[in-house]
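# Topology and contacts: notes
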Amino acid sequence: MVEAACAFAEGKAHQPSTVGAMLKETEKVRQQYARLINALPEEIAFLSSTSEGENVVTNGIPWASGDNVVTDDLHYETGFVIYRHLEKFKGVEVRIVKNKNGAVTAEDYAKMVDKRPGFLLCPSYQA
């Protein structure tokens, strides 16, 4: 993996990437990842950022009043925009786990989860 990263950086330094080359490489990676997870390449999508992906997934959930989202205070700021919108317009409760010295544990999350329908989002989780 280090060799691939070095080759990419070296190539980019000497010759900027073209759109055609990027699309070709994207298709190659799409096929490799599909094989890895036993999916069809058409089922794999690439997005520009983690926040965009989170937005797509979050908006694909059929939220109802009384549902909840559990995340932590280390989460990307854009995530809070999405969840505050759900809170305001769908009646979804946003539960925020407070970090301790820059980390959040599974036990910290467990205290915030109950039997109500919810979505657990823990990108900042530290084992």
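See the structure shown above.
Below is a short write-up of the structure.

Cut-off values and rules
- Residues numbered from 1 in each chain as written.
- Predicted model: local features only at pLDDT ≥ 70, side-chain atom pairs only at ≥ 80, totals over all residues.
- Heavy atoms only, no water.
- Helix = DSSP H or I, 4+ residues; strand = E, 2+ residues; numbered from the N terminus.
- Expected span 1.5 Å × (residues − 1).
- Buried < 20%, exposed > 50% of the residue type's maximum accessible area, 1.4 Å probe, protein only.
- Patch = residues over 30% accessible without salt bridge, like charges linked within 9 Å, V, L, I, M, F, W, Y side chains within 5 Å.
- Areas by Shrake-Rupley, 256 points an atom, 1.4 Å probe, with all protein chains shown as cover.
- Salt bridge = Lys/Arg side-chain N within 4 Å of Asp/Glu carboxyl O.
- Polar contact = N/O pair within 3.5 Å; in protein donor to acceptor, adjacent residues only side chain to side chain.
- Contact = heavy atoms within 4.5 Å.
- Core = buried A, V, L, I, M, F, W, Y, C linked by side-chain atoms within 4.5 Å.
- Axes fitted to C-alpha atoms, helices over the stretch in contact; angles between N-to-C directions.
- Parallel < 35°, antiparallel > 145°, perpendicular 65-115°, else oblique.
- Left-handed = near helix turned anticlockwise from the far one by under 90°.
- Nonpolar A, V, L, I, M, F, W, Y, C, P; charged D, E, K, R; others polar.

Our focus in this paragraph is helix α1 (residues 2-14). Between the first and last C-alpha of α1 there are 19 Å, a value that for 13 residues agrees with the 18 Å anticipated at 1.5 Å per step. α1 sits mainly on the outside: zero of its 13 residues count as buried.

For the rest of this paragraph, the subject is unusual backbone geometry. You will see that N38, though not glycine, has its phi angle at about 60°, which is positive. Of note, N38 is situated in the loop between α2 (19-37) and α3 (50-59).

The next thing to look at is a nonpolar patch on the surface. Judged by side-chain polarity, V19, M22 and L23 come together as a nonpolar surface patch covering roughly 310 Å² of accessible area. Residue position: L23 is located in helix α2.

Within the secondary structure, D108 is located in helix α5 (residues 106-110). Within the local environment of D108, its side chain forms a polar contact with the side chain of K100, the two groups lying 2.7 Å apart. For D108, the contacting residues outside a window of four places in its chain are V97, K100 and A103.

The next thing to look at is the nonpolar core. In terms of nonpolar packing, the biggest core is built from seven residues, these being W63, V69, I82, Y83, L86, V92 and V94. The leading source of residues in this core is helix α4 (residues 77-90), at three residues.

Helix packing for two helices is described by the angle between their axes and how far apart those axes are. Where α3 meets α4, the axes come as close as 9 Å, and the angle between the chain directions of the two elements is 20°. For the element pair α3 / α4, the angle class is roughly parallel. Crossing angle aside, the handedness with which α3 passes α4 is right-handed. Judged by residue contacts, S51, E54, N55 and T58 of α3 engage T78, G79, I82, Y83 and L86 from α4. Within the contact of α3 with α4, the residues separate by chemical class into three nonpolar, five polar and one charged.

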